[in-house]
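Summary of the model geometry
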Amino acid sequence: MSSAIERTTPPAAAGGGQVELAIGGMTCASCAARIEKKLNKLDGVTATVNYATEKAKVTFSGEVTPADLIATVEKTGYTAHLPEPPRPRPEAHPEPARGEEDGVLLLRQRLLISAVLTVPVVAMAMVPALQVTYWQWLSLTLAAPVVVWGAWPFHKAAWTNLRHGAATMDTLISMGTIAALAWSLYALFLGTAGEPGMTHPFELTIARSDGAGNIYLEAAAGVTTFILAGRYFEARSKRRAGAALRALLELGAKEVSVLRGGAEHRIPTDQLAIDDLFVVRPGEKIATDGVITEGASAVDASMLTGESVPVEVGPGDAVVGATVNAGGRLVVRATRIGADTQLAQTARLVEDAQNGKAEVQRLADRISGIFVPIVIALAVGTLGFWLGAGGGLAAAFTAAVAVLIIACPCALGLATPTALMVGTGRGAQLGILIKGPEVLENTRTVDTVVLDKTGTVTTGRMTLLDVVVAPGEDRARVLRLAGALEDASEHPIAQAIAKGATEQVGDLPAVEGFTNVEGLGVQGVVDGHAVLVGRTRLLEDWSVHLSADLERAKAAAEAEGRTAVAVGWDGAARGVLVVADAIKETSAEAIHQLRALGLTPVLLTGDNATVARSVADAVGIDEVIAEVLPADKVAVVQRLQAEGKVVAMVGDGVNDAAALAQADLGLAMGTGTDVAIEASDLTLVRGDLRAAADAIRLSRRTLGTIRGNLFWAFAYNVAALPLAAAGLLNPMLAGAAMAFSSVFVVANSLRLRSFRTANDPAAPSVRTGGGVDTPGTSPRETVAAR
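Residues numbered from 1 in each chain as written. Predicted model: local features only at pLDDT ≥ 70, side-chain atom pairs only at ≥ 80, totals over all residues. Heavy atoms only, no water.

**Observations regarding the pairing of strand S7 (residues 277-280)**
Rule in force here: The criterion for strand pairing is that DSSP finds at least two bridges linking the strands in question. Helix numbering and strand numbering both begin at the N terminus, where a helix is a DSSP run of H or I of at least 4 residues and a strand a DSSP run of E of at least 2.
Two elements, strand S5 (residues 255-260) and S7, share three bridges in a ladder whose sense is antiparallel. Counted as the bridge partner of serine 257 is valine 279 from S7. Across four bridges, S7 lies against strand S13 (residues 330-336) in antiparallel orientation. When the sheet's bridge partners are listed, valine 280 is paired in S13 with leucine 330.

Written out as structure tokens, the structure is:
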């Protein structure tokens, strides 16, 4: 990532500062919580550790140094280092870190190999017909690599946790799989399980056994493979954590034409210096923040500001890097470069919001904090009881190991990934992309939904809404002549008029003597008429004045926040064209559906208050916050959160990215920018705001399914623990319980396939009234005049 947006914090001296540490070795959200707790115990230190991005943002004061922070993390059992300083990168498309990519590929390889080895082990254990002579030794040959090599990440994490007096699901998985393998080895080599012809008959009986004839290889291999699958899906979603910043980089110009010695020189953008003069041609991105010294044009800054209409600029006006020059040639003097640009500041807002956003801990990890110590204590207590009761060493160990084995959550490994796979698969069919299980928790408690206006509630494109003609004029003729003249202009408002004219009156005539009058409009000859289209001032310069009717139409349009474009020819005003960013036809119904889910909608926009209020009234939103910059959007979300609200944010532009990352739940319109999509938690592939309500409903239902899966996964284990402690756990009964719990979890997850959208005729209604706006009748938003 180039220095234009990548930020790293240099080593700070003692006395205070802020650093960002790259953390290694975390395996679950509880690891992040442990590191955070240790760092915050240091005097003058405030730390936030993000498991998803594997970074720690630390503010410190006093005698603490970055070296002390790194040492503290390493004493906790993890690795930490300061990020490398940024280096210019020649390639135009930066990729994820190589180590990050390799880690996911290695995990995928581990999962696939383990799955191939596990399937026959489970099949032989559960189907007596497959238990040929010496089948148990074949099972050992296949299962041992899975338990030792496949489960190595769990063993390593369990050992790290053990050294620091902590227990997580990794501890239970490691102990359970090792116990199952160890006891199987004992039964095969020292007991009777290794004898030719040994079988596990298909009988669900409760009987005491010394365990010498029982093997648990299918449990050890199956649990390992299932949980590897869950970890792989999690790692794959984590790999996308830095994609928002990479997408931001793509927005900037890669090269720029600099004026040096009176000649243009093409250089990489990161070689620009302050006060350099550079040229921006029509359609090009402005290379960096600066001030115009020559030329006039319209600049499309919608991706950074949210303004739906290009801004007219001229000498002395400031422009922002990565915005697009929609009109004439500009010469700009660079005033800010690299990390000081507005684009870089937006990138920092996104990064800070992601790092400061507390990741939801996995339910399994939270439960394990209580469940794991209880199971270990129960296993030790079982061993002690049977030894004290004179039951014999073999029987005592059989009961103790059975406790560990039955507690090892086979179904738990399926609980989250199966529900997530079915839920995300169904969501993808409906145009809803859920990024990972950590996203779902917040959908349950969201009570406020903040909506960006441009591109979310509205279409984000200029549209011809109305044609008002002077008495005695033909509407089609006014539209035809104005559309023909505007078709020769590259201005977005002109293009909207030309497109509307083509759709309504067909092919447009040719234009002669076309002239663009900077900041006022266009003029030319069409069908022998000298036509003027633009601001009223342009017509007045030719002594053409609007009639009283046209003046009223213009005033009414502007009062509603629309753009009014005057049309005249041959010395007379002929009509007024009304242009605006149209409200999406489904937005009003979408707001109604969001309210039905218990959410309070808030409209948030960079446009002026008149525009915002008009749109809000049209779709049924009461609260409006207008004229806000990207940084202000983040502040608005933070203020709502400080008031105790759980905030969902729906947006589509770069200017929304930081707020999407800051919100408890970020939803990006798939028709928007890559930056917004990458910074969000949910992506709505359709440009239909109703998908936001569907996304929240699906997420809540998926979360409910995961919770149900987790409950039953633990319930089966807990119910069998007394039998295991009593030494009555028949291996077939244990296998059947595990199989049944897994089947139950999968079947429960598959119920998500029946989820339907709220506007599906076959779906249960979630609406309480309202309807869809009819095309052409919805109130439309206002836009600034050209």
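Right, picking up where we left off after that structure.
**Details of the UniProt feature "transmembrane region" (unreviewed entry) in the protein chain**
Spelled out, the test is: UniProt positions are given in the numbering used here, feature names are shortened, and annotations may be inferred rather than shown by experiment.
The positions that UniProt labels "transmembrane region" (unreviewed entry) are, in the present scheme, residues 111-128, 134-152, 172-193, 213-233, 367-387, 393-416, 709-726 and 732-750. Span residues 111-128 is 89% helix and 0% strand, its end C-alpha atoms 27 Å apart. From the first C-alpha to the last, residues 709-726 spans 27 Å; its make-up is 94% helix and 0% strand.

**Some points on unusual backbone geometry**
Cut-off, in case you're wondering: For every residue, the accessible area (1.4 Å probe, protein chains only) is compared with the maximum for its type, and the residue is labelled buried under 20%, exposed over 50%, or partly exposed between those bounds.
At tyrosine 134, a residue that is not glycine, the phi angle is positive and equals roughly 65 degrees. Here tyrosine 134 is to be found in the loop between helix H3 (98-126) and helix H4 (135-150). By relative accessible area, which is 45% here, tyrosine 134 ends up partly exposed. Positive phi values are uncommon outside glycine, yet aspartate 275 reaches one of about 80 degrees.

**Some points on the side chain of arginine 690**
Examined against the element boundaries, arginine 690 turns out to sit in helix H25 (residues 690-725). Take arginine 690: its relative accessible area is 13%, and that puts it in the buried class.

**Section: the environment of leucine 577**
Put simply, the rule is: When checking whether two residues touch, look at their non-hydrogen atoms; a contact exists if any pair is within 4.5 Å.
Take leucine 577: it is sitting in strand S21 (residues 572-583). Among the residues examined, leucine 577 registers a relative accessible area of 0% and is labelled buried. Between the C-alpha atoms of leucine 577 and valine 468, which are 109 residues apart in sequence, the distance is 6.3 Å. Once residues lying within four places of it in the same chain are set aside, the contact partners of leucine 577 are Leu464, Asp466, Val467, Leu479, Ala482, Ile497, Thr563, Ala564, Val565 and Val567.

**What to know about the sheet that holds strand S19 (residues 529-534)**
Keep this limit in mind: Between N-to-C directions, angles span 0 to 180 degrees; the directions come from axes that are lines fitted to C-alpha atoms, helices contributing only their stretch in contact.
Ordered by their spatial adjacency, six strands build an open sheet running S16-S21-S20-S19-S18-S17, and the pairing between neighbours is antiparallel. A strand with exactly one partner marks an edge of an open sheet, and here the two such strands are strand S16 (458-469) and strand S17 (511-517). Recorded for the sheet is a direction-independent mean angle of 20 degrees between the axes of neighbouring strands. Relative to S21, S16 is paired through eight bridges, and the arrangement is antiparallel.

**Regarding the environment of arginine 595**
As for its position among the elements, arginine 595 is in helix H20 (residues 587-596). A relative accessible area of 34% places arginine 595 in the partly exposed class. Remark: the alpha-carbon pair of arginine 595 and threonine 448, spanning 147 residues in sequence, is separated by 9.5 Å.

**Section: helix H19 (residues 548-559)**
For the record, the criterion: A helix is expected to span 1.5 Å for every residue after the first. Think of the arc as the fan of directions from the helix axis to the C-beta atoms.
In a regular helix each residue adds 1.5 Å, so 12 residues correspond to 16 Å; H19 covers 16 Å between its end C-alpha atoms and thus fits that length. Among the residues of H19, Leu550, Ala553, Lys554 and Ala557 are the ones counted as buried. Considered in projection along H19, the buried side chains sweep an arc of 100 degrees and stay on one side of the axis. Counted as exposed and oriented over 90 degrees from the buried face of H19: Ala548, Arg552 and Ala559. Backbone geometry just downstream of H19 places glycine 561 in the positive-phi region, at approximately 85 degrees.

**Some details on the packing of aromatic side chains**
Formally: In summary, the pairing rule links any two rings of Phe, Tyr or Trp, Trp by its six-membered ring, whose centres are within 6.5 Å, and it sorts them by plane angle into stacked for under 30 degrees, edge-to-face for over 60 and tilted for everything else.
Within the structure shown, the criterion is met by three aromatic pairs. Ring centres 5.2 Å apart and planes at 80 degrees place the aromatic pair tryptophan 137 and phenylalanine 189 in the edge-to-face group. Of the two residues, tryptophan 137 sits in helix H4 while phenylalanine 189 sits in helix H6 (residues 169-189), which places them 52 residues apart along the sequence. For phenylalanine 189, a relative accessible area of 54% gives the class exposed. Where tryptophan 183 meets tyrosine 186, the ring centres are 4.6 Å apart and the plane angle is 40 degrees; that geometry is what we call tilted. With tryptophan 183 and tyrosine 186 both in helix H6, this residue pair falls three residues apart, about one helical turn.

**Side note on the side chain of threonine 177**
Counting through the fold element by element, threonine 177 comes out in helix H6. Taking relative accessible area as the criterion, threonine 177 reaches 0% and is therefore assigned buried.

**Observations regarding a nonpolar patch on the surface**
Note the following rule: What goes into a patch is any residue over 30% in relative accessible area without a salt bridge, connected to like charges within 9 Å or, for nonpolar side chains (Val, Leu, Ile, Met, Phe, Trp, Tyr), within 5 Å. Accessible areas in this description were obtained via Shrake-Rupley with a 1.4 Å probe; residue shielding takes into account the shown protein chains only. Salt bridges are identified by distance alone: a Lys or Arg side-chain nitrogen within 4 Å of an Asp or Glu carboxyl oxygen.
The grouping of Ile113, Val148 and Trp149 at the surface amounts to a nonpolar patch, some 260 Å² of accessible area in total. Using a relative accessible area of 37% as the deciding quantity, one classes isoleucine 113 as partly exposed.

**Notes on the packing of H4 against helix H5 (residues 152-163)**
Rules: By the definition adopted for this analysis, an angle is roughly parallel if under 35 degrees, roughly antiparallel if over 145, roughly perpendicular if from 65 to 115, and oblique otherwise. In the scheme used here, Gly and all other residues not listed as nonpolar or charged are polar, with Ala, Val, Leu, Ile, Met, Phe, Trp, Tyr, Cys and Pro taken as nonpolar and Asp, Glu, Lys and Arg as charged.
Running from N to C, H4 and H5 point in directions that differ by 45 degrees, and their axes come no closer than 5 Å. Here H4 is positioned oblique relative to H5, judged by the angle of their axes. Contacts between H4 and H5 involve Val147, Val148, Trp149 and Gly150 on the former and, on the latter, Trp152, Pro153 and His155. Its residues placed into classes, the contact of H4 with H5 shows five nonpolar, two polar and no charged.

**Quick word on helix H16 (residues 475-486)**
Because the α-helix completes a turn every 3.6 residues, residues three or four places apart line up on one side. Counted at 1.5 Å a residue, the expected span for H16 with its 12 residues is 16 Å, and the 16 Å between its end C-alpha atoms agrees. What H16 keeps buried is the set Val478, Leu479, Leu481, Ala482, Gly483, Ala484, Leu485 and Glu486.

**Describing the pattern of salt bridges**
The full count for this structure, using the stated rule, is 20 salt bridges. Of the charged contacts in the structure, one is a salt bridge between aspartate 289 and arginine 336, with a shortest N-O distance of 3.0 Å. Here aspartate 289, found in strand S8 (residues 289-294), pairs with arginine 336, found in strand S13; they are 47 residues apart in sequence, far enough to count as distant. For aspartate 289, a relative accessible area of 1% gives the class buried. Residue arginine 336 is classed as partly exposed on the basis of its relative accessible area, which comes to 33%.

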